[in-house]
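# Architecture at a glance
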Amino acid sequence: MNLDLPLVDVELIKEMLYQEEAYVKEFAAASVQSFSEFQNSFRDFVLARDMDNLRRAGHKIKPAALMLHLNPIIDMYEKSKQQLEDNASTEELKKLVSSMDEYCDQVLSELKEII
């Protein structure tokens with residue numbers, strides 16, 4: 001995963017919203033809220049090994065992640081479910097949470113630049 005390149009395709013967002021700057025900013029603000037909530041929930045639920053709430057959090061963010069082509073979020077989410085099913089070590093779970101944090105931090109930073 002290369003975090004040196006932009007993760008958020010601003011042109012895609014503009015295209016989806018017919019180049020309406022106000023809508024683009026509104027979408028970015030709503031996305032910041034959604035991805036922030038997911039990032040916190042992911043961390044809490046993975047480390048608590050709470051599969052039910054992890055799935056709820058994943059189902060809420062999956063459409064936005066797919067729409068924005070942020071597939072690593074979905075990949076890490078799916079990996080976290082597998083690791084919980086496999087009863088992975090806490091260290092492995094922390095590593096995955098750290099990767100998700102790093103990825104989401106960059107997504108959030110880029111979205112905030114739009115606002």
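A few points on the structure. Remember, predicted model here, so these are calculated numbers, not experimental data. (Residues numbered from 1 in each chain as written. Predicted model: local features only at pLDDT ≥ 70, side-chain atom pairs only at ≥ 80, totals over all residues. Heavy atoms only, no water.)

### So, the packing of aromatic side chains
For any pair of aromatic rings, the description rests on two quantities: the centre-to-centre distance and the angle between the ring planes. In total, this model carries one aromatic pair according to the counting rule given. Both rings, one in Phe-38 and one in Phe-42, keep their centres 5.7 Å apart while their planes meet at 40°; by these two values the pair is tilted. One end of the pair, Phe-38, and the other, Phe-42, are both in helix H2 (residues 21-47), four residues apart, so they sit about a helical turn from each other. A residue is classified by how much of its surface remains accessible, and Phe-38, at 3% relative accessible area, is buried. (Phe/Tyr/Trp six-rings, centres within 6.5 Å; stacked < 30°, edge-to-face > 60°. Helix = DSSP H or I, 4+ residues; strand = E, 2+ residues; numbered from the N terminus. Buried < 20%, exposed > 50% of the residue type's maximum accessible area, 1.4 Å probe, protein only.)

### Description of the packing of helix H3 (residues 51-67) against helix H4 (residues 71-85)
For the pair H3 and H4, the least separation of the axes is 9 Å and the interaxial angle reads 165°. Comparing their axes, H4 and H3 come out roughly antiparallel. Relative to H4, the crossing made by H3 is left-handed. In this structure, H3 uses Met-51, Leu-54, Arg-55, Gly-58, His-59, Ile-61, Lys-62, Ala-65 and Leu-66 to contact H4, whose residues at the interface are Asn-71, Ile-73, Ile-74, Tyr-77, Glu-78, Ser-80, Lys-81, Leu-84 and Glu-85. Grouping the amino acids of the contact of H3 with H4 by side-chain chemistry returns nine nonpolar, four polar and five charged. (Axes fitted to C-alpha atoms, helices over the stretch in contact; angles between N-to-C directions. Parallel < 35°, antiparallel > 145°, perpendicular 65-115°, else oblique. Left-handed = near helix turned anticlockwise from the far one by under 90°. Contact = heavy atoms within 4.5 Å. Nonpolar A, V, L, I, M, F, W, Y, C, P; charged D, E, K, R; others polar.)

### Considerations on the environment of Glu-110
Position of Glu-110 relative to the elements: it lies in helix H5 (residues 90-114). The class for Glu-110 is buried, based on a relative accessible area of 12%. Distance from Glu-110 to Lys-81, taken between C-alpha atoms, is 27 Å for residues 29 residues apart in sequence. Filtering out sequence-adjacent residues up to four positions away, Glu-110 remains in contact with Leu-5, Pro-6, Leu-7 and Val-8.

### What to know about the nonpolar core
Grouped together as the largest cluster of nonpolar side chains are 36 residues, with contacts concentrated most on Phe-35, Leu-70, Ile-73 and Leu-111. Those elements that provide at least two residues to this core are H2, H3, H4 and H5. When residues of this core are assigned to their parent elements, the largest contribution, ten residues, is made by H5. Excluding residues that lie within four positions of it along the chain, Leu-70 makes contacts with Leu-7, Phe-35, Ala-65, Tyr-103 and Val-107. (Core = buried A, V, L, I, M, F, W, Y, C linked by side-chain atoms within 4.5 Å.)

### A look at H2
In this model, H2 (27 residues) spans 39 Å end to end at C-alpha, consistent with the 39 Å of a helix rising 1.5 Å per residue. Residues Val-24, Phe-27, Ala-28, Ser-31, Val-32, Phe-35, Phe-38, Gln-39, Ser-41, Phe-42 and Val-46 constitute the buried set of H2. Buried residues in H2 make contact with helix H1 (10-16), H3, H4 and H5. Immediately downstream of H2, the backbone of Arg-49 shows phi near 55°, a positive value. (Expected span 1.5 Å × (residues − 1).)

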